[in-house]
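Listed here are the chains, written in short residue letters.
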Amino acid sequence: QVQLVESGGGSVQAGGSLRLSCAASGDTYGRNCVGWFRQAPGKEREGVANINRVGGSSYQSDSVMGRFTISQDNANNTVYLQMNSLKPEDTAMYYCAADPGWCWRGRSEYKYWGQGTQVTVSS
């Protein structure tokens, strides 16, 4: 059992930055992979990035490469998504997810999901 709580969303102007947090609790081994996803109204859910708890290997989607960075602080059971150079097309509900398996680039299936935090980027 893993519980995930996202925070840090809000409204920001284009070109600005925002850092999202995903605080995890429960089974440590249930979150060997933690990923960030986003979904805008009328669009499919899109994988943004993910990270392995052990070793810290991480992956980012092409759409955010060079702008977003995923990281973790295992002492605080928290995964972060640092978002820089934000664009209006980044506007979406952002979710974190966890799975007992390991991450790979583009992984989309996860066992546990958070409630989401809204990110709005104005032009």
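As a reminder, the structure under discussion sits directly above these lines.
Here the structure is a predicted model, which is why all the values come from computation and not from measurement.

Each value, and the rule that gives it
- Residues numbered from 1 in each chain as written.
- Predicted model: local features only at pLDDT ≥ 70, side-chain atom pairs only at ≥ 80, totals over all residues.
- Heavy atoms only, no water.
- Pairing = 2+ DSSP bridges.
- Helix = DSSP H or I, 4+ residues; strand = E, 2+ residues; numbered from the N terminus.
- Axes fitted to C-alpha atoms, helices over the stretch in contact; angles between N-to-C directions.
- Buried < 20%, exposed > 50% of the residue type's maximum accessible area, 1.4 Å probe, protein only.
- Disulfide = S-S within 2.5 Å.
- Salt bridge = Lys/Arg side-chain N within 4 Å of Asp/Glu carboxyl O.

Turning our eyes to something else, we now look at the sheet that holds strand β3 (residues 18-26). Ordered in space as β1-β3-β8-β7, the four strands form an open sheet in which the pairing is antiparallel. Each edge of the sheet is formed by a strand with only one pairing partner; in this case those strands are β1 (2-7) and β7 (68-73). This sheet shows a mean twist of 20° between the axes of neighbouring strands, independent of strand direction. Bridge count for β1 against β3 is six bridges, and the pairing is antiparallel. Residue pairing in the sheet places Glu6 in a bridge with Cys22 of β3.

With respect to burial, strand β8 (residues 78-83) is a largely interior element, five of its six residues being buried. With six bridges joining them, β3 and β8 adopt antiparallel strand pairing. Along β8, the bridge assignment pairs Ser21 with Tyr80. Inspection of the sheet shows β7 paired to β8 by six bridges, in the antiparallel sense. Within β8, the residue paired with Phe68 across the bridge is Met83. In this structure, the hairpin formed by β7 and β8 is closed by a connection of four residues, where Asn77 is found at a positive phi of approximately 55°.

Enumeration according to the criterion identifies two disulfides in this entry. The disulfide bridge from Cys22 ends at Cys96, spanning 2.2 Å between sulfur atoms. Disulfide Cys22-Cys96: the torsion about the S-S bond is 70°, which places it as right-handed. Of the two residues, Cys22 sits in strand β3 while Cys96 sits in strand β9 (residues 92-99), which places them 74 residues apart along the sequence.

Along the chain, Ser21 turns up in strand β3. On the basis of relative accessible area, Ser21 is assigned to the buried category, the value being 16%. C-alpha of Ser21 to C-alpha of Ile70: the two residues are 49 residues apart in sequence and 9.9 Å apart in space.

All right, on to the pattern of salt bridges then. Applying the stated criterion across every chain, the model contains five salt bridges. The partner of Glu46 in a salt bridge is Arg38, with the nearest N and O atoms 2.9 Å apart. On the accessibility criterion, Arg38 (7% relative accessible area) is buried. Through salt bridges with shared partners, a single network forms among Arg38, Glu46, Arg67 and Asp90.

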